[in-house]
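For reference, the chains in residue letters:
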Amino acid sequence: MNSMMELAAHTIPLMAISIQIFAIILFVEAAIHKSVTYKDFVGIISGYRLIPISLVWTAAAFVIFAEYLAIISLLLMLPFLKYLGAVMLVGYAIAIQINVVRGRTEIDCGCGGQSMPISQSLVSRNLVIAILLAWSTNTVGFAGLVGYGFVYWILVCGTVLVGYLFYLSYNQLCFNQSLQSNLTRKEL
Amino acid sequence: MTTWLVVAVALLWFIVIALSLAVFALTRQIGVLYERVAPAGALMVNQTIKVGDNAPEIAVETLAGSPMKIGAPGKAALVFFVAPDCPICKSLLPIFKSLSQVETDCDFILASDGDTLKEHEAYVTSNKLGGFPYVLSELLGRSYGVAKLPYAVLIRPDGKIGSMGIVNSREHLESLFEAEALGIASLQDYLNPPDPVAIYDPEEHRS
C-alpha cells in the first residue's frame, strides 16, 4: 500500500506538470499565430457568427489578450486566473458546438496552426484538454517542483513530446475526416 | 535488476516516441493523399457544349500567321485558353509545357483573345511559348463556352469533346486526360455518380 502511495505521489505531479507545459505550448502557438495573422483571425471569428460584426475586431483582440494572459497565469500559477486556460478551451468548445449544431461545419476552426474545418471531434478534443488542464492546475504548480531531479524533467519532456505528437495526429485525423467527406458528399 | 529496469524503460520510451512520430507521419500522409486524390479537375460550368458533342470547327490563324482548324477530326488536341493578364494561367504554363512532352500524340494549342497583338507577342516571348501554336480568336472562346480562365478543352481524335473545364492546378490539367481515359465527363459527374436506384430497370431483371 505504501509503495502505491509513493508511486502516486511521483506520478501525479509528473502528469500534472506535463499537461500544463503541453497547454502552455498550445496557447503560445495559438496566441502567436493569431497575433501574426490578426486580420485572418478577425475573419475566422466573424465566420462563427456568434457576435455582431461591429464587435468582431474588439472580440478578436480580446481573445488574443486572454490567451497571453492564460499563458502568464499558468506560468505564475495566479490564483483563480490559472483556470483561465481551461475556461477558454471550454468557451471555444461551446462556440464550435453551436456551429456544428447549426450545420456550419465548413468554417475555419482558427485553432492555431493548420486551418481546418470544425467538427464534433474538435469539441471533444477541447473538452478533454480543458478537463485535464483544470485538474492539473488544481493539483500542482511549478513552484512545488523545485526539489525534483534531472531524470524527472527528462520524463516530463518525454511525456509532453508524446502528448503533443498524439495531439497533432488527432488534429490531422480530424482534418482527414473532413477531406474524406469532401470526396464522398453528394451535393456540390 | 534495477539497471535492467532502467534500460528497459529507456528503450520503451524511445520506442514510444518513435511510434508516435510514425503515427503522426502516417496521418499526415493520408491527409496529403486525400488532397491529391480528390478528383480536383475540370469543374464544368459550360452551358454551350457538352462532353461527347462534336467540337465546333473553327478556322483560326496563329500569331505566327499560319492558318489552322480547331475541332477538326484527325489528331487529339488540347486547347488551353489563357490571357496575358491572368496570373493563374501564367503559373500553369510550365505544367502545360511539361504535359506536352508527356502526351506526345496530342496537339497543344494556346488560345486567347482581346488585348493588343503586341501584348500577346510579349507574352509568348517572355514565357517561351514559341513552340506552341498561339491563336487569337474571340469566336473560338465563345463557341467553346469559355467563361472563366484558365480553361482547357481536350478534343478527341474523332473531333468530339473528350473533356473540358476550368483548370487551376497541375491536377486539374492532368485530370482532363485522366477524365478522357476513364470516360468521366467532369468533376460533378465524379462526385455525383448516377443514382443506382434510379438506373435500376426491373424489366431487365425479370427472367
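The coordinates are above.
All of these numbers come straight from a predicted model, not from anything done at the bench.

**Q** Summarise the environment of R28 of chain B; cite the residues concerned and give the values.
**A** By the secondary structure assignment, R28 of chain B is in helix α1 (residues 2–37). Those residues in contact with R28 of chain B that sit more than four places away from it in its chain are Q114 and Q172 of chain A. Separated by 3.1 Å, the side chains of R28 of chain B and Q172 of chain A make a polar contact.

**Q** Account for the layout of surface pockets, naming residues and giving values.
**A** Residues and elements named next belong to chain A. Computed from the structure, the largest pocket encloses a volume of approximately 680 Å³. In terms of lining, the largest pocket is formed by 34 residues, of which the most central are K34, V63, M88, G91 and Y92. The set of elements that each furnish at least two residues to the lining of the largest pocket consists of α1 (2–36), α2 (38–48), α3 (56–76), α4 (84–102) and α5 (120–139). A per-element tally of the lining of the largest pocket places α4 first, with eight residues. Classifying every residue of the lining of the largest pocket gives 26 nonpolar, four polar and four charged.

**Q** Explain the nonpolar core to me, using residue names and the numbers behind them.
**A** Soluble, globular proteins show a tendency: their nonpolar side chains are buried together. Residue and element names in this part refer to chain B. The biggest cluster of nonpolar side chains holds 26 residues, and the ones touching the most others in it are L78, F80, F96, F108, L110 and L173. Every element with two or more residues in this core is listed here: β3 (76–81), α2 (87–102), β4 (106–112), α3 (117–126), β6 (151–155) and α5 (170–182). A per-element tally of this core places α2 first, with six residues. Every residue in contact with F80, bar those within four places of it in the chain, is listed here: C89, L92, L93, F96, I109, L110, A111, P150, Y151, A152, V167 and L173.

**Q** Residues and numbers for the environment of A72 of chain B, please.
**A** Mapped onto the fold, A72 of chain B is located in the loop between β2 (67–70) and β3. Once the C-alpha coordinates of A72 of chain B and E57 of chain B are considered, the two residues, 15 residues apart in sequence, prove to be 5.7 Å apart.

**Q** So what's going on with the environment of D53 of chain B? Which residues, and what values?
**A** Relative to the helices and strands, D53 of chain B resides in the loop between α1 and β1 (58–61). D53 of chain B sits in the partly exposed class, given a relative accessible area of 28%.

Reading the values: rules and limits
Residues numbered from 1 in each chain as written. Chains lettered and ligands numbered in written order. Predicted model: local features only at pLDDT ≥ 70, side-chain atom pairs only at ≥ 80, totals over all residues. Heavy atoms only, no water. Helix = DSSP H or I, 4+ residues; strand = E, 2+ residues; numbered from the N terminus. Contact = heavy atoms within 4.5 Å. Polar contact = N/O pair within 3.5 Å; in protein donor to acceptor, adjacent residues only side chain to side chain. 1 Å grid on protein atoms, 1.4 Å probe; cavity = no way out; pocket = protein on both sides within 12 Å on 5 of 7 lines; lining within 4 Å. Points joined across faces, edges and corners; volume = space filled by probe spheres on them. Nonpolar A, V, L, I, M, F, W, Y, C, P; charged D, E, K, R; others polar. Core = buried A, V, L, I, M, F, W, Y, C linked by side-chain atoms within 4.5 Å. Buried < 20%, exposed > 50% of the residue type's maximum accessible area, 1.4 Å probe, protein only.

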